[in-house]
Amino acid sequence: MKQTKFFGLNMSALFIIVLGGLLLTACGTSNSTSSSGGSGGGSGSSGGGSSSCASPPKLSKTTGLKVGFSQNENTGPWRLAETKSMQDAAKAQGAQLIFTDAQSSASKQISDVDSLIAQKVDVIVLAPLTSEPLAKAVQDAKAACIPVVLIDRDVDHKLASPNKDYVTFIGSNFVQQGKLAADWLIKNTGGKAKIIELQGTTGASAATDRKTGFDNEIKTAPGMSILASQDADFNRDKGRQTMQTLLQAHPDVTAVYAHNDEMAIGAIAALKAAGKKPGKDVTVVSIDGERDGMNAIINGELGTSVQSSPFFGPITFQTISQYASGNKIPDWVVVQDLQYTKDNVQQYIAKNAY
Ligand code: AHR
């Protein structure tokens, strides 16, 4: 059979050369992806492309770190205190902190993390808004070989897990916080109360777990019942508005459990506007221990606030430094909290309020 020739080569030879060239190009591409993932997914990270990243990705740099901090929102005393704590600790460590504010949007927080990845940070500290959507941000960082440390809220472990997809979760025991608030309420109402529960942001681990801890404990006291339980987004004004609405449906309420102080302060305002006396007609309990919450305990309107520390800076940088030095980090670095009541709040307000 007659063969067509190109530059003196027959078609079979040409096909072999072209195929070989394509294969070489493909190998070259995959190698370059690997190495760019290695240096960079983060300038101080190690490992190759997503397939060759360690689980979780390693951090080989111990000094001069470029740290990305993805905050889920930056309003309200608790969030502002957390952000300041991170900024102060970064400064003390000589680290560069690149800050992003997701403004309460899960999709913005995912793109914020993607932008930190593009800026080749060494490590990402993520305070996830909600636990399912933000698992994607963890996986994006892992694919770029950048280690992630979660602070204050966790992600769904079915979608991303500690010591595999991310380094660790540093945070409070939210279930225990809810339980402590319930125990105090049972004790201080003689085990008899009709409760309105104001929940934090739906899908946030802080809200899910605080509800679980409280609701399960309340079930152990037959005289306690939850009249209504509604999301008020950890926000003072939403707490006030939600309480105002729920009060109309449940004027017989005798207790309020708010998942944070901001919503409790809002609920106290709504109770007063409806002619009820918080602390007398209605017992209010909450979580956080911000300055306004502590002052409300002092003036008798708030019964207790279980502390949830926002001061993550020092422990986060300490954990990062231990990880960079090759130490094994536990899946959960548990933050130990206090519980404020009228008996001890004066002793802590100067040091712990924010
Ligand atoms: O995740 C912690 C919670 O989030 C705090 O209790 C609350 O005030 C904040 O918005």
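Rules used in this analysis
Residues numbered from 1 in each chain as written. Predicted model: local features only at pLDDT ≥ 70, side-chain atom pairs only at ≥ 80, totals over all residues. Helix = DSSP H or I, 4+ residues; strand = E, 2+ residues; numbered from the N terminus. Buried ≥ 20, exposed ≤ 12 C-beta atoms within 10 Å, placed from the backbone. Contact = placed C-beta atoms within 7 Å. Near = placed C-beta within 6 Å. Pairing = 2+ DSSP bridges. Axes fitted to C-alpha atoms, helices over the stretch in contact; angles between N-to-C directions. Core = buried A, V, L, I, M, F, W, Y, C linked by C-beta atoms within 7 Å. Domains from an automatic or database assignment.

**Q** I would appreciate a short explanation of the overall build of the chain in the present structure.
**A** A count of helices and strands for the chain gives 11 helices and 14 strands. Out of the 354 residues belonging to the chain, those deemed buried represent 48%. Excluding contacts between residues fewer than 6 apart, the proportion of contacts in the chain whose partners are at least 24 apart in sequence is 71%.

**Q** I'm lost on the site of the ligand in this one. Help?
**A** Every residue lining the ligand is accounted for by Trp 78, Arg 79, Asp 152, Arg 153, Ala 206, Phe 234, Asn 260, Glu 262, Ile 287, Asp 288 and Ser 308. Going through the elements one at a time, helix H2 (77-93) and strand S11 (283-288) are the ones with two or more residues in the shell around the ligand.

**Q** Please explain the sheet that holds strand S7 (residues 168-172) as it appears in this structure.
**A** Note on sheets: strands pair through backbone hydrogen bonds, and any given pair is parallel or antiparallel. Judged by pairing direction, the sheet is parallel, and its six strands sit side by side in the order S4-S3-S5-S6-S7-S13 without closing on themselves. Strands with a single pairing partner mark the edges of an open sheet, and in this sheet they are strand S4 (96-101) and strand S13 (332-335). Between one strand axis and the next, the sheet turns through 20° on average, direction left out of account. Relative to S7, strand S6 (residues 148-151) runs parallel, the two being bridged by three bridges. Directly across from Ile 151, in S7, lies its bridge partner Ile 170.

**Q** Where do I start with unusual backbone geometry in this structure?
**A** For residues that are not glycine, phi is negative in most cases, and the peptide bond is trans in most cases. Omega for the peptide link from Ser 55 to Pro 56 comes to -10°, which places this bond in the cis form. Position of Pro 56 among the secondary structure elements: in the loop between helix H1 (11-40) and strand S3 (66-71). One non-glycine residue, Asp 233, adopts positive backbone phi at about 60°. One can find Asp 233 in the loop between strand S9 (224-231) and helix H7 (236-249). A count of 22 C-beta atoms within 10 Å places Asp 233 in the buried class.

**Q** I'm lost on helix H4 (residues 135-143) in this one. Help?
**A** Structurally, the α-helix is built with 3.6 residues per turn, so residues lying three or four positions apart point the same way. Among all positions of H4, only Ala 135, Ala 137, Val 138, Asp 140, Ala 141 and Lys 142 are buried. Tucked into the core, H4 has its buried residues touching helix H3 (106-118), strand S5 (123-126) and S6. Just downstream of H4, Cys 145 is the residue with a positive phi angle, here 65°.

**Q** Help me understand the environment of Gln 241 in this model?
**A** Structurally, Gln 241 is set in helix H7. Distance in space between the C-alpha atoms of Gln 241 and Ala 267 is 7.9 Å, their sequence separation being 26 residues.

**Q** Please clarify how the sheet that holds strand S8 (residues 193-199) should be interpreted in this entry.
**A** Within the open sheet, the six strands sit side by side as S9-S8-S10-S11-S12-S14. Their pairing is mixed. Among the strands making up the open sheet, the edge pair consists of S9 and strand S14 (339-340). By the bridge criterion, four bridges tie S11 to strand S12 (residues 304-307) in an arrangement that is parallel. Bridge pairing in S12 links Ile 287 to Val 306. Sitting on the sheet, helix H5 (residues 174-188) is in contact with S8, S9, strand S10 (255-258), S11, S12 and S14, with an inclination near 160° to S11. Docked against the sheet, helix H6 (residues 205-218) engages S8, S9, S10 and S11, running at close to 165° with respect to S9.

**Q** What exactly am I supposed to notice about the nonpolar core here?
**A** In this structure, Val 123, Ile 124, Val 148 and Val 149 are the most contacted members of the largest nonpolar core, which totals 49 residues. Element by element, the count of residues in this core is highest for H3, at five residues. Shared between two domains, this core holds at least three residues of each, these being domain 1 (66-172 + 311-334) and domain 2 (174-308). Contact partners of Ile 124, with chain neighbours within four places excluded, come to Gly 68, Ser 70, Val 113, Leu 116, Ala 141, Ile 146 and Val 148. Residues Ala 182, Ala 193, Ile 195 and Ala 232 belong to the second largest nonpolar core, which totals 39 residues.

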